[in-house]
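Read off the chains here:
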Amino acid sequence: MTAPRLEVDLVKLGHNARTLVARLGQRGIAVTAVTKGTLGCAAIAHELVRAGVAGLGDSRIENIEALREAGVTAPITLIRSPMLSQVDRVVAHADVSANTESAVLRRLSAAAVTQGRLHGVLLMVESGDLREGILPPDLAGVVDEVHRLPGLRLDGVGTNLACQSGVVPSGRNMGDLSHLVATVETATGVDIDRVSGGNSANLEWAFGATDVGRVNDLRLGEAILLGREALHRRPVDGLHTDAFTLVAEVIEAQVKPSLPWGAIAQNAFGETVAVRDRGEVRQAILALGRQDVDTGGLVPPVGIEILGASSDHLVLDTGTLDLPVGAEVRFGVDYTALLGAMTSPFVAEVVLDAQTCS
Ligand SMILES: *Cc1c(COP(=O)(O)O)cnc(C)c1O
């Protein structure tokens, strides 16, 4: 089979999604499954929908268009603010988009009127992480504006933490969000149905809180795809962390000294590499490199160590293992490695059982 390839286990993904839907459902929280790590892979999206998620979320309109093209009909939220240059595509293919800017809302409204559609707006609120978000005192004014603009309907209010500054979702900031929602409803007379409290960094709060307040939705990517929460990257109880496996092929296998010889300067990436002499090692080179994946996010099998990575070569110390030319090595991936591997045209996606993504 072709290499490098990213193997996707749909059974494990379905299990992760189903488990989170059930556990959060007990707390009154629905799951929006975030597919941005999967580059619009329809087989994965279909599996998540079958697992009972309330809808899908993606940060790229291109991925959403690919999902629609492949027949995915579930509600999809564009979870990054639309570019002005893409508002027509957003209205045509996404049911809802996350928004913070009046200029974008006005253009979405015009596009929706032209297309004869009603576009949902999820207004993102700043809760301290200092990425996207309307400042809380300004929310009521923007809710009013959405309410008045033709072609738009207020889908709800959301916030996002832990991405830019690592701010932890807590009883305090989630409580503030619930309180803000109630205050704005009173001030504007507009009902706010969906309150989307955050991402995979919110799980500890969601499972531990005595009261989740008005929060009734979480947008989960990493927890579903990789089975980990996003504050400490700990595995979530009962979830699979190995639904994705990156497989690469050996192109050179030789016993070599571990110390380089000759004068030493920077390597191909401007780094000065410190090496320790450990005598001769079994070195294997894989046809995989930084052009394909963030190699720092690869988890090698037990007994194998990654010695270095350039654009096209991954160098391994295979310990006591004898890996001949043509052998395959299987790696676990973190979120960054997953994003890179999915996006690289040199890495094939192989969905177990379904064969391909579409
Ligand atoms: C990526 C993203 C998510 C999902 O984050 P995970 O940590 O993968 O669960 C949710 N919301 C927004 C706005 C995002 O950009």
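Here the structure is a predicted model, which means the values were calculated and not measured.

Thresholds applied
- Residues numbered from 1 in each chain as written.
- Predicted model: local features only at pLDDT ≥ 70, side-chain atom pairs only at ≥ 80, totals over all residues.
- Heavy atoms only, no water.
- Helix = DSSP H or I, 4+ residues; strand = E, 2+ residues; numbered from the N terminus.
- Buried < 20%, exposed > 50% of the residue type's maximum accessible area, 1.4 Å probe, protein only.
- Contact = heavy atoms within 4.5 Å.
- Areas by Shrake-Rupley, 256 points an atom, 1.4 Å probe, with all protein chains shown as cover.
- Lys, Arg positive; Asp, Glu negative; His and termini not counted.
- Charge placed at Lys NZ, Arg CZ, Asp CG, Glu CD.
- Near = heavy atom within 4 Å.
- Polar contact = N/O pair within 3.5 Å; in protein donor to acceptor, adjacent residues only side chain to side chain.
- Nonpolar A, V, L, I, M, F, W, Y, C, P; charged D, E, K, R; others polar.
- Disulfide = S-S within 2.5 Å.
- Axes fitted to C-alpha atoms, helices over the stretch in contact; angles between N-to-C directions.
- Left-handed = near helix turned anticlockwise from the far one by under 90°.
- Domains from an automatic or database assignment.
- Buried area = accessible area lost by both parts, 1.4 Å probe.
- Salt bridge = Lys/Arg side-chain N within 4 Å of Asp/Glu carboxyl O.
- Phe/Tyr/Trp six-rings, centres within 6.5 Å; stacked < 30°, edge-to-face > 60°.
- Lys NZ or Arg CZ within 6 Å of the ring centre and 35° of its normal.
- Parallel < 35°, antiparallel > 145°, perpendicular 65-115°, else oblique.

**Q** Looking at this structure, I do not really get the overall build of the protein. What am I missing?
**A** A count of helical and extended segments in the protein gives 10 helices and 16 strands. The C-alpha extent of the protein, read off along each of the three principal axes, is 75 × 40 × 40 Å. Counting all 358 residues of the protein, 49% fall into the buried class. The long-range share in the protein, meaning contacts at least 24 apart out of those at least 6 apart in sequence, stands at 65%. Carbon together with sulfur atoms contributes 52% to the accessible area of the protein, which is approximately 16,200 Å² in total. The centroid of the 30 positive side-chain charges in the protein is displaced by 2 Å from the centroid of its 43 negative side-chain charges.

**Q** Teacher, can you tell me more about the site of the ligand here?
**A** Around the ligand, the surrounding shell holds 13 residues, and the nearest of these are Lys36, Ser200, Arg219, Gly221 and Glu222. Ser200 is positioned with one of its side-chain polar atoms (N or O) 2.5 Å from an oxygen atom of the ligand. When the ligand is considered free in solution it has 380 Å² of accessible area, and contact with the protein chains removes 94% of it. Split by residue class, the shell around the ligand holds 4 nonpolar, 4 polar and 5 charged.

**Q** How do you make sense of the state of the cysteines when you look at a structure like this?
**A** Two cysteines whose sulfur atoms are joined by a covalent bond form what is called a disulfide. According to the stated counting rule, one finds 1 disulfide in the structure shown. Here Cys41 connects covalently by a disulfide to Cys357, the sulfurs 2.2 Å from one another. Between Cys41 and Cys357, the S-S dihedral sits near -95 degrees, and the bridge is therefore left-handed. You can see Cys41 sitting in the loop between β2 (30–34) and α2 (42–50) and its partner Cys357 sitting in the segment after β16 (348–351), a full 316 residues away along the chain. For the pair formed by Cys41 and Cys357, the shared burial category is buried.

**Q** Please explain the packing of helix α1 (residues 10–25) against α2 as it appears in this structure.
**A** If you want to describe how two helices pack, look at the angle between their axes and the distance between the axes. Direction vectors running N to C along α1 and α2 enclose 40 degrees, while the axes themselves pass 8 Å from each other. The handedness of the crossing between α1 and α2 comes out as right-handed. Of the residues in α2, those touching α1 at Leu10, Leu13, Gly14, Ala17 and Arg18 are Ala43, Ile44, Glu47, Leu48 and Arg50. Looking at the contact of α1 with α2 residue by residue, the class counts come to 6 nonpolar, 1 polar and 3 charged.

**Q** Is there a simple way to think about the domain arrangement of the protein in this case?
**A** A common way to report how large an interface is uses the accessible area buried once the components associate. For the protein, the assigned domains are domain 1 (10–226) and domain 2 (244–351). Computed from C-alpha coordinates alone, the two centres of domain 1 and domain 2 are separated by 37 Å. The partner domain 2 presents 9 residues to the 13 residues of domain 1 that form the contact. Across the interface of domain 1 and domain 2, roughly 940 Å² is buried in total on both sides, 79% from carbon and sulfur atoms. The largest contributions to the domain 1 side of the interface with domain 2 come from Gly37, Leu39 and Leu226, which together make up 47% of the buried area. Along the contact surface separating domain 1 from domain 2 lie 0 salt bridges. At the junction of domain 1 with domain 2, the criterion picks out 0 residue pairs in polar contact (both at pLDDT 80 or more). Contributing elements (two or more residues each) for the side of domain 1 that touches domain 2: α1, α2 and α9 (222–226).

**Q** Would you take a moment to explain the packing of aromatic side chains for this structure?
**A** A ring pair, where both rings are aromatic, is described by two values, the distance of the centres and the angle of the planes. Tallied over the full model, the rule gives 0 aromatic pairs. Directly above the ring of Phe269 sits Arg290, whose terminal nitrogen or CZ lies 3.8 Å from the centroid.

**Q** I would appreciate a short explanation of the packing of helix α5 (residues 102–115) against helix α6 (residues 139–148) in the present structure.
**A** Where α5 contacts α6, the axes come no closer than 10 Å and their chain directions differ by 10 degrees. By the angle between their directions, the pair α5 and α6 is classed as roughly parallel. Judged by the sense of rotation from one axis to the other, the crossing of α5 with α6 is right-handed. Between α5 and α6, the residues in contact are Ser102, Leu105 and Arg106 and Val142, Glu145 and Val146, respectively. Its residues assigned to classes, the contact of α5 with α6 shows 3 nonpolar, 1 polar and 2 charged.

**Q** In this structure, what is going on with the pattern of salt bridges? I would like to understand it.
**A** Pairing between side chains of opposite charge can happen when the charged atoms of each approach one another. Evaluation of the coordinates by the stated rule reveals 21 salt bridges. Glu222 serves as the salt-bridge partner of Arg233, at 2.8 Å between the closest nitrogen and oxygen. Taken together, the residues span a long stretch of sequence, with Arg233 in the loop between α9 and β10 (244–257) and Glu222 in helix α9 at a distance of 11 residues. According to the relative accessible area criterion, Arg233 is partly exposed, its value standing at 41%. The class of Glu222 is buried, set by a relative accessible area of 6%.

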